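Architecture and fold: a report
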Amino acid sequence: MAGQRVEVDGGIMEGGGQILRVSTALSCLLGLPLRVQKIRAGRSTPGLRSKIKVVAGVVSWPQHLSGLEMIRDLCDGQLEGAEIGSTEIMFTPEKIKGGVHTADTKTAGSVCLLMQVSMPCVLFAASPSELRLKGGTNAEMAPQIDYTAMVFKPIVEKFGFQFNCDIKMRGYYPKGGGEVIVRMSPVKQLNPINLMDRGSVTKIYGRAFVAGVLPFKVAKDMAAAAVRCIRKEIRDLYVNIQPVQEPKDQAFGNGNGIIIIAETSTGCLFAGSSLGKRGVNADKVGIEAAEMLLANLRHGGAVDEYLQDQLIIFMALACGVSRIKTGPVTLHTQTAIHFAEQLAKAKFSVKKSEDEDDASKDTYIIECQGIGMTNPYL
């Protein structure tokens, strides 16, 4: 399969792990040998990270290495330069195979980011896959597993595939220790999606959790503060946020957090979430999640800001034209589009929405002519 090696600049735009995730996944899918240089050049500690370092208050996460190794294993590829502190990697993919694949960040590195990098690849494998992902399930700087299960899953399945996400054990910063098993079958092709009509909010629900030694009162306080905050803006809906004590045998270590979801009449889903940190009171965590949700509901888009960039690679691979209406386009999304265009040769356009309902809001339409990737093994 080896052709001309594609050169990727890992220091531009988002300049972080996301460039690695998008470019290695596309390299694996398209059989393109890849060289990524200047990895994480824009970060306080350049190069690949595997240990958790807190540098200037920024947590730099370990999933980059385990994500790369997972992609290598998914396709029996060759990976050079994948060691801690490295600023350049070379990756030569072979054919994608199904079966059981394990990735372990050995820390609180995010299982959700491991899922993001591997899922597009195993859709185009020869047989069904089981991904055993170990690390943090509810970790900073990454989606929480509840977001993946409650928002990402139902929306991404509109591309025409299903997956099963089984949370065996939850893991938190700094120990990790969580485990999620993802099972999915390959597809022949992906359908394009159209997420343009936001509809009106019909339901708001969520979960506020504590795990380990944290008292249940913390969960109740997060939930109550979030409900109060939402009620100031949305008065006519019942807000159902369940406080939860994670069972001892299903959570490793101590943690607390909250996720709140708004569902609309057209099936759109928006979320706000927050994780507790030492010294931050429970009310503040609840309010932060509520404010994030409310901000995501103000812009008039049909997806929230965290779903935007996660949909780009699927839009690029789909057969036909996909359209999504969003709020302000994030740097992560711009980065994903840039590399989907460079590597997959998909065509994207981002335009301000002309709709009169959106006139007063910062609303955009991302359109993509997908490449119609076909699974060679089916």
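Residues numbered from 1 in each chain as written. Predicted model: local features only at pLDDT ≥ 70, side-chain atom pairs only at ≥ 80, totals over all residues. Heavy atoms only, no water.

Within an unreviewed UniProt entry, the label attached to the protein chain reads RNA 3'-terminal phosphate cyclase, and the organism entered is Panthera tigris altaica. Under the UniProt heading Sequence similarities (unreviewed entry), the note attached to the protein chain is "Belongs to the RNA 3'-terminal cyclase family. Type 1 subfamily." (UniProt positions renumbered as here; feature names shortened; annotations may be inferred.)

1. Here we look at the overall build of the protein chain
For the protein chain, the count of helices and strands is 8 helices and 19 strands. For the protein chain, whose C-alpha radius of gyration is 20 Å, the value lies close to the compact-globule estimate of 21 Å for 378 residues. With the principal axes as the frame, the protein chain shows a C-alpha extent of 60 × 50 × 40 Å. A buried classification covers 56% of the 378 residues belonging to the protein chain. Of all intrachain contacts in the protein chain linking residues separated by at least 6 positions in sequence, the fraction that spans at least 24 positions is 75%. If you sum the accessible surface of the protein chain, you get close to 15,200 Å²; carbon and sulfur atoms cover 51% of it. (Helix = DSSP H or I, 4+ residues; strand = E, 2+ residues; numbered from the N terminus. Rg over C-alpha atoms; globule rule 2.2 N^0.38 Å. Buried < 20%, exposed > 50% of the residue type's maximum accessible area, 1.4 Å probe, protein only. Contact = heavy atoms within 4.5 Å. Areas by Shrake-Rupley, 256 points an atom, 1.4 Å probe, with all protein chains shown as cover.)

2. Some details on the UniProt feature "domain: RNA 3'-terminal phosphate cyclase insert" (unreviewed entry) in the protein chain
Here the UniProt feature "domain: RNA 3'-terminal phosphate cyclase insert" (unreviewed entry) sits at residues 197-297. Between the C-alpha atoms that bound residues 197-297 there is a distance of 13 Å. The span itself is 34% helix and 37% strand.

3. A closer look at the side chain of T92
Position of T92 among the secondary structure elements: in strand 6 (residues 89-92). A relative accessible area of 8% means that T92 is categorised as buried. Of note is the side chain of T92, whose polar atom sits 3.0 Å from the side chain of R5. (Polar contact = N/O pair within 3.5 Å; in protein donor to acceptor, adjacent residues only side chain to side chain.)

4. As for the sheet that holds strand 15 (residues 255-264)
Pairing is mixed across the open sheet formed by 4 strands, whose spatial order is 13-12-15-16. A strand with exactly one partner marks an edge of an open sheet, and here the two such strands are strand 13 (239-245) and strand 16 (269-275). Each strand of the sheet is rotated relative to its neighbour by a mean of 15 degrees, with strand direction disregarded. Across the sheet, helix 5 (residues 216-233) lies against strand 12 (201-211), strand 13 and strand 15, angled at about 165 degrees from strand 13, the strand it touches most. Contacts from helix 6 (residues 282-298) reach strand 12, strand 15 and strand 16 within the one sheet, and its direction differs from that of strand 16 by about 155 degrees. (Pairing = 2+ DSSP bridges. Axes fitted to C-alpha atoms, helices over the stretch in contact; angles between N-to-C directions.)

5. Some thoughts on the pattern of salt bridges
By the definition in use, this model includes 21 salt bridges. One salt bridge in this structure joins R35 and E88, with 3.3 Å as the shortest N-O distance. Of the two residues, R35 is situated in strand 2 (residues 34-37) and E88 in the loop between strand 5 (78-80) and strand 6; the sequence distance between them amounts to 53 residues. When its relative accessible area of 24% is taken as the criterion, R35 is described as partly exposed. Its relative accessible area of 31% is what places E88 among the partly exposed residues. The partner of K325 in a salt bridge is D355, with the nearest N and O atoms 3.4 Å apart. With K325 in strand 17 (residues 321-326) and D355 in the loop between strand 18 (347-352) and strand 19 (364-369), this pair connects stretches of sequence that are 30 residues apart. The buried category is assigned to K325, whose relative accessible area is 7%. (Salt bridge = Lys/Arg side-chain N within 4 Å of Asp/Glu carboxyl O.)

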